[in-house]
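Observations on the model geometry
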Amino acid sequence: MRSKVLLIYTGGTIGMMQDVKTGQLKPFDFKHLTEQIPELNKFDVELSAVSFAKPIDSSDMSPAVWIEIATTIKKNYDKHDGFVILHGSDTMSFTASALSFMLENLSKPVILTGSQLPIGTIRTDGKENLITAIEIAATKEKGKPIVSEVCIYFEYQLYRGNRTHKYNSEHFQAFQSPNYPILAEAGVHIKYNRAALQKANTKKLSVHTKLDTNIAILKMFPGITPNAVEAILNTKDAKAIILETFGSGNATTQPWFIESLKKALTKGKVILNITQCNAGKVQQGKYATSAAFEKIGVIGGSDLTTEAAVAKLMFVLGKASGKKEIEKLLMTDLRGEMTI
Ligand code: ASP
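Residues numbered from 1 in each chain as written. Predicted model: local features only at pLDDT ≥ 70, side-chain atom pairs only at ≥ 80, totals over all residues. Heavy atoms only, no water.

This part is about the environment of Glu 128. Looking at the secondary structure, you find Glu 128 in helix α4 (residues 126-138). Between the C-alpha atom of Glu 128 and that of Ala 186, which follows or precedes it by 58 residues, the distance is 10.0 Å. With residues up to four places along the chain from it excluded, the contact list for Glu 128 reads Tyr 153 and Tyr 156. Within the local environment of Glu 128, its side chain forms a polar contact with the side chain of Thr 132, the two groups lying 2.4 Å apart. (Helix = DSSP H or I, 4+ residues; strand = E, 2+ residues; numbered from the N terminus. Contact = heavy atoms within 4.5 Å. Polar contact = N/O pair within 3.5 Å; in protein donor to acceptor, adjacent residues only side chain to side chain.)

Listed below in structure tokens is the structure:
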């Protein structure tokens, strides 16, 4: 039985062309993309595709589009063995994180990929990325998929999507997964890191489409003013704030800062502490500069990336009702996104 894979084309550099007048890169239609990859016809996979009517640069990505993608997967779930989402690399980690929360009990591969150079250019990285992503989405062992989670495939590596971060805007290897091992490496063979892969799920897929975007990010820097801190903490309608701290979760001990956080917490807001470092985790109380956080009720976000923290908050705020439940879910590893 040939595997059935659905390609979902959202846009991104992979399908872009240079505008002759302005020289700018703009998304182009799906037909143009497939014409550039005759190899797609040689696959021993039954490929079908859906394309956004108006493909986008992923900087225009939004929760409304995440809902569209999740709904497309839901509608096509039973008819396909795997899914490949073509997406711009700029916000791919946000989308992969969001989908990981929205698609509960996933038992099939959902692989996001794209490229740094458009498919029509000679040195494009798009062909290999797309072809191997399809192969991973189609691969089964004893009738069951090897991968059953939301991943990013880029430059010979398969990553858990909600652990990734786009760290390089020029290298073909654009992504990193600093706190979780690579799930597979593609060489002559595709070598899967079975110990790191999510265990197969036997429950029925449940698709969550309620996301609450009322969040804000407060990034610490030496010299930050009370005005800047207050402005972010008091963002209109914000129910939760991501606090991006130094090192293992530290910030200034100045009383005005702790007082501002306390005020926000008393008003019922949730504050989630994650690190600005690329790797490692928050450990509230390790240093004196984070001891107050634990006392006043700031939630330690362990090794969540900013991308996963944004997606998790939108998902959790959309799902949970009270502050207690929100905080409990934030401290729980829901989809392999954090180390407990
Ligand atoms: N700006 C592009 C996008 O994210 C970059 C890329 O696709 O790599 O859509």
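So much for the structure itself; the text now carries on.
We now examine the packing of aromatic side chains. Enumeration over the complete set of coordinates arrives at four aromatic pairs. On the numbers, 5.7 Å between centres and 20° between planes, the contact of Phe 101 with Phe 315 is stacked. With Phe 101 in helix α3 (residues 92-102) and Phe 315 in helix α8 (residues 306-319), this residue pair connects regions lying 214 residues apart in the sequence. Here Phe 101 matches Phe 315 in class, with each residue buried. Ring geometry for Trp 256 against Phe 257: centres 5.9 Å apart, planes inclined by 80°, an arrangement best described as edge-to-face. What makes Phe 257 buried here is its relative accessible area of 0%. Seen from the ring of Tyr 77, Lys 108 lies directly overhead, with NZ or CZ sitting 4.7 Å from the centre. (Phe/Tyr/Trp six-rings, centres within 6.5 Å; stacked < 30°, edge-to-face > 60°. Buried < 20%, exposed > 50% of the residue type's maximum accessible area, 1.4 Å probe, protein only. Lys NZ or Arg CZ within 6 Å of the ring centre and 35° of its normal.)

This brings us to the pairing of strand β5 (residues 82-86). Extensive coverage of β5 is indicated by the burial of five of its five residues. Here β5 runs beside strand β7 (residues 110-113); their pairing, made up of four bridges, is parallel. Counted as the bridge partner of Leu 86 is Thr 113 from β7. (Pairing = 2+ DSSP bridges.)

What follows is about the packing of helix α5 (residues 226-233) against helix α6 (residues 255-266). Between α5 and α6, whose axes approach to 10 Å, the crossing angle comes to 10°. Classified by the angle between their axes, α5 and α6 sit roughly parallel to one another. The two elements α5 and α6 cross, and the hand of that crossing is right-handed. For the pair α5 and α6, contact is made by Pro 226, Val 229, Glu 230 and Leu 233 and by Trp 256, Phe 257, Ser 260, Leu 261, Lys 263 and Ala 264, respectively. Of the residues contributing to the contact of α5 with α6, the split by class is seven nonpolar, one polar and two charged. (Axes fitted to C-alpha atoms, helices over the stretch in contact; angles between N-to-C directions. Parallel < 35°, antiparallel > 145°, perpendicular 65-115°, else oblique. Left-handed = near helix turned anticlockwise from the far one by under 90°. Nonpolar A, V, L, I, M, F, W, Y, C, P; charged D, E, K, R; others polar.)

What follows concerns the site of the ligand. Near the ligand the following residues occur: Gly 12, Thr 13, Met 16, Asp 57, Ser 58, Gly 88, Ser 89, Asp 90, Ser 115 and Gln 116. For the ligand, an oxygen atom lies 2.4 Å from a polar atom in the side chain of Ser 89. Asp 90 places a polar side-chain atom, nitrogen or oxygen, 2.8 Å from a nitrogen atom of the ligand. For the ligand, the protein covers 91% of the area, taking 260 Å² as the surface of the free molecule. (Near = heavy atom within 4 Å. Areas by Shrake-Rupley, 256 points an atom, 1.4 Å probe, with all protein chains shown as cover.)

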